[in-house]
Structures are given as C-alpha cells and as structure tokens.
Amino acid sequence: MDWLKAVELLRSTRERGVLVTVATVRGHAPREAGAKMVVGAERTWGTVGGGNLEAVAVERARALLTEGAARPELLSVALSDKAPYQHGVQCCGGDVTVLLEPLPVAPAVGIFGVGHVGLELARILARRDLDLHLVDSRPEQLAPERLAVLDDAQARVHVHHVPVLPELVLAELPPGAHVLIMTHDHAEDAALCDAALRTPQLGSIGLIGSAGKWARFRAKLAAEGHTAEDIARITTPIGLPGLTGKDPSTIAVGVAAALIQAFEGASAPAREVRS
C-alpha cells in the first residue's frame, strides 16, 4: 500500500499516525529526498530506507503518537559507522533529515436539525477537515438539491435520513463527537438531550434555545433521573456570548467559532520544530 492510501486508511478508520518524509539528503543515502512512509501505532506503510535510519524514525514517530504531539518536527540521522546508532550500523556515508508530520484524528460533529441555522452551520464547518454528520427527521431538509451547497466540502459529510427516533444516530457517532441539538421540534430536542446524556462517549453537547426553554428541559431531565452533574454536560446557549444577532448566519458563525475553540483546546500543546 502506498503512503497516500495509508493516510486515507488512517483517516477513514479514525486512527492517528505520522507521515515521515525524507526532507534532505547529503551524500549517499538509501532513499532520495521526497521518499515517504506512514507510521501507525502498530503498523507501517512504505519505507524511507530501512536500517537504523528507518528504525529511529519509526521509534520517534511512535513517541509523537504517545505524546499526542500535533506539530511536525525534523530528525537528522548520520549514516556512518562512526556515528551513534541504536538499531545497527548503516554506513552509506550520507546525512539524512526526515520530517515527521503527525496525522491527527479529524474532529467529528453531529448537527441534529438542518434547518436555517443548521444548514448555515454546515456550510461553515464543511470547509474544515472533519467528519460532519447531518441528521434530520424531515426528508426535505436533507434533499440533495438543498445540500448541493456542500458539494465542494473539505469535510466528510454523512447524511442521516431518520424520519423517527433521530436520537438513535447518537450511538453511531465516533467517540468524542461534538453534538449540536437544533431541531424544529422542542419535543425532539428534549428526547435528544436525554439520549445524549445517556451516550457517554460523546464530546460536547450543545442545545440551541432560550433560557425559558432550558429551564423546562433542565427540570424534565432531572425528573428523568439525570443528576445535576449530568445535566451540566449540556451547553446552552451555544456560540460566542458576544454575538447577539439572531439571524441564522450570525448564530452559525458564533457556534462554529466556539466549536473551533473546542477543537483547538483538545489539541496537544504546541511543540517547537526540532532538528
């Protein structure tokens, strides 16, 4: 399997990896600049030259996976019998620098309710590298002609047609998925809030609506057996507090900005490029 297919495999299975690229070569080396390999937690694909060079690169790549690193770094290895080595002598005579680029798992977002706000939010989030799940009980909201505005999406868009019990989709979302509840029906919203609190692998849970709506929902959720700590998992109102406009595009921008802050907060601290 070539490196592009390996990257695609990791992306589709939502596994982290590291792309290793031969960045520079001085003197003799087993592979030329531009050679690539992909390192996963348990497997590798491709090669940057074998021997000590590759073993050191794989070892460092897996350390980056363990550390949860998000920033790339450079690693230089001398191919000489006089140079320090960890995995056998490799005496080609050159010096190689490889670039290690962490391949993170893309965030996942589930939008429950693709009305005016939901569609505007989908249009914004579709421009990012993430898994975007669109869920609505109304088939016309998910009609291909209505979602045509997402045809050029960078995100992977998953459309869920669920005329009844949209809350069943919650169990299908990837672990850590961020859920946004904004359907046309308050009863549907309430059922989704209840189901989301009973789905422990989710990330954040956001609910659109007024303070009065939330007061009723909070009492209902408590009556259904949810603790105050459970109920606190739901954020409402959603979006940036400084944005007060109520038109769909303004709400969507605020919600998207708050989500991006959550994505960045979940990332590992920045690392300096090493050489």
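Residues numbered from 1 in each chain as written. Predicted model: local features only at pLDDT ≥ 70, side-chain atom pairs only at ≥ 80, totals over all residues. Heavy atoms only, no water.

**Overview of the overall build of the protein chain**
The helix and strand inventory of the protein chain stands at seven helices and eleven strands. Taken over the C-alpha trace, the protein chain has a radius of gyration of 24 Å; the compact-globule value for 275 residues is 19 Å, which it surpasses by more than 25%. Summarising its shape, the C-alpha atoms of the protein chain cover approximately 75 × 40 × 35 Å along the three principal directions. Taking all 275 residues of the protein chain together, the buried fraction comes to 42%. Of the roughly 13900 Å² of accessible surface on the protein chain, a fraction of 55% belongs to carbon and sulfur atoms. Between the averaged position of the 27 positive side-chain charges in the protein chain and that of its 32 negative side-chain charges there is a distance of 3 Å. (Helix = DSSP H or I, 4+ residues; strand = E, 2+ residues; numbered from the N terminus. Rg over C-alpha atoms; globule rule 2.2 N^0.38 Å. Buried < 20%, exposed > 50% of the residue type's maximum accessible area, 1.4 Å probe, protein only. Areas by Shrake-Rupley, 256 points an atom, 1.4 Å probe, with all protein chains shown as cover. Lys, Arg positive; Asp, Glu negative; His and termini not counted. Charge placed at Lys NZ, Arg CZ, Asp CG, Glu CD.)

**Details of the side chain of Arg11**
With respect to the helices and strands, the residue Arg11 is situated in helix H1 (residues 3-13). Polar contacts involving the side chain of Arg11 include one to the side chain of Asp129, which spans 3.2 Å. Not counting residues within four places of it along the chain, the set of residues in contact with Arg11 comprises Ala106, Asp129, Leu130, Asp131 and Arg156. (Polar contact = N/O pair within 3.5 Å; in protein donor to acceptor, adjacent residues only side chain to side chain. Contact = heavy atoms within 4.5 Å.)

**Description of the packing of aromatic side chains**
As enumerated under the stated definition, the model contains zero aromatic pairs in all. The cationic tip of Lys36 hangs over the ring face of Trp3; the distance from NZ or CZ to the ring centre is 5.1 Å. (Phe/Tyr/Trp six-rings, centres within 6.5 Å; stacked < 30°, edge-to-face > 60°. Lys NZ or Arg CZ within 6 Å of the ring centre and 35° of its normal.)

**Topic: the confidence of the model for the protein chain**
Put simply, the protein chain has an average pLDDT of 89, and 91% of its residues get 70 or more. Note that residues 268-275 has pLDDT below 50 and, in this model, 18 contacts with residues that lie over four places away or in other chains. (pLDDT = per-residue confidence, 0-100.)

**Some thoughts on the environment of Arg138**
With respect to the element layout, Arg138 can be found in the loop between strand E7 (131-136) and strand E8 (156-161). With 23 residues separating them along the chain, Arg138 and Gly115 place their C-alpha atoms 9.5 Å apart. Beyond its immediate sequence surroundings of up to four residues, Arg138 is in contact with Val114, Gly115 and His184.

**Comments concerning helix H2 (residues 51-67)**
In this model H2 runs 24 Å from its N-terminal to its C-terminal C-alpha over 17 residues, within 8% of the 24 Å that 1.5 Å per residue would give. Turning to H2, its buried residues number three or more, namely Asn52, Leu53, Glu54, Val56, Ala57, Val58, Arg60, Ala61, Leu64 and Leu65. Contacts from the buried residues of H2 go to strand E1 (17-26), strand E2 (36-39), strand E3 (44-46), strand E4 (73-78) and strand E5 (95-103). (Expected span 1.5 Å × (residues − 1).)

**Structural notes on the pairing of E2**
Judged from the four bridges that link them, E1 and E2 form a sheet pairing that is antiparallel. Note that in E2 the partner of Leu19 across the bridge is Val38. For E2 and E3, the ladder comprises three bridges, and the chain directions are antiparallel. If you follow Val38 over to E3, its bridge partner there is Trp45. (Pairing = 2+ DSSP bridges.)

**A word on the sheet that holds strand E11 (residues 234-235)**
Strand-to-strand pairing in sheets goes through backbone hydrogen bonds, with the strands running parallel or antiparallel. Sheet architecture is open: six strands sit in the order E8-E7-E6-E9-E10-E11, paired in parallel fashion. This sheet does not close on itself; its edge strands, each paired only once, are E8 and E11. Contacting strand E6 (108-112), strand E9 (178-181), strand E10 (205-207) and E11, helix H4 (residues 186-197) runs over the sheet at an angle of about 165° to E10. (Axes fitted to C-alpha atoms, helices over the stretch in contact; angles between N-to-C directions.)

**A word on a nonpolar patch on the surface**
Judged by side-chain polarity, Val164, Leu165 and Leu168 come together as a nonpolar surface patch covering roughly 310 Å² of accessible area. Note on placement: Leu165 falls in the loop between E8 and E9. (Patch = residues over 30% accessible without salt bridge, like charges linked within 9 Å, V, L, I, M, F, W, Y side chains within 5 Å. Salt bridge = Lys/Arg side-chain N within 4 Å of Asp/Glu carboxyl O.)

**Observations concerning the pattern of salt bridges**
Once the charged atoms of two side chains with opposite charge are near each other, the side chains can pair. On inspection of all chains with the given rule, the structure shows 13 salt bridges. Measuring nitrogen to oxygen at the nearest pair gives 2.7 Å for the salt bridge that ties Arg60 to Glu73. Taken as a pair, Arg60 in helix H2 and Glu73 in strand E4 lie far apart in primary sequence, 13 residues in all. Look at Arg60 and you get buried, because its relative accessible area is 15%. Residue Glu73 is classed as buried on the basis of its relative accessible area of 1%. Note that Glu224 is salt-bridged to Lys220, the shortest N-O span being 2.6 Å. Residue classification places Glu224 among the partly exposed positions, given a relative accessible area of 30%. Residue Lys220 is classed as partly exposed on the basis of its relative accessible area of 41%. The structure contains a network of salt bridges with shared partners spanning Arg11, Arg14, Asp129 and Asp131.

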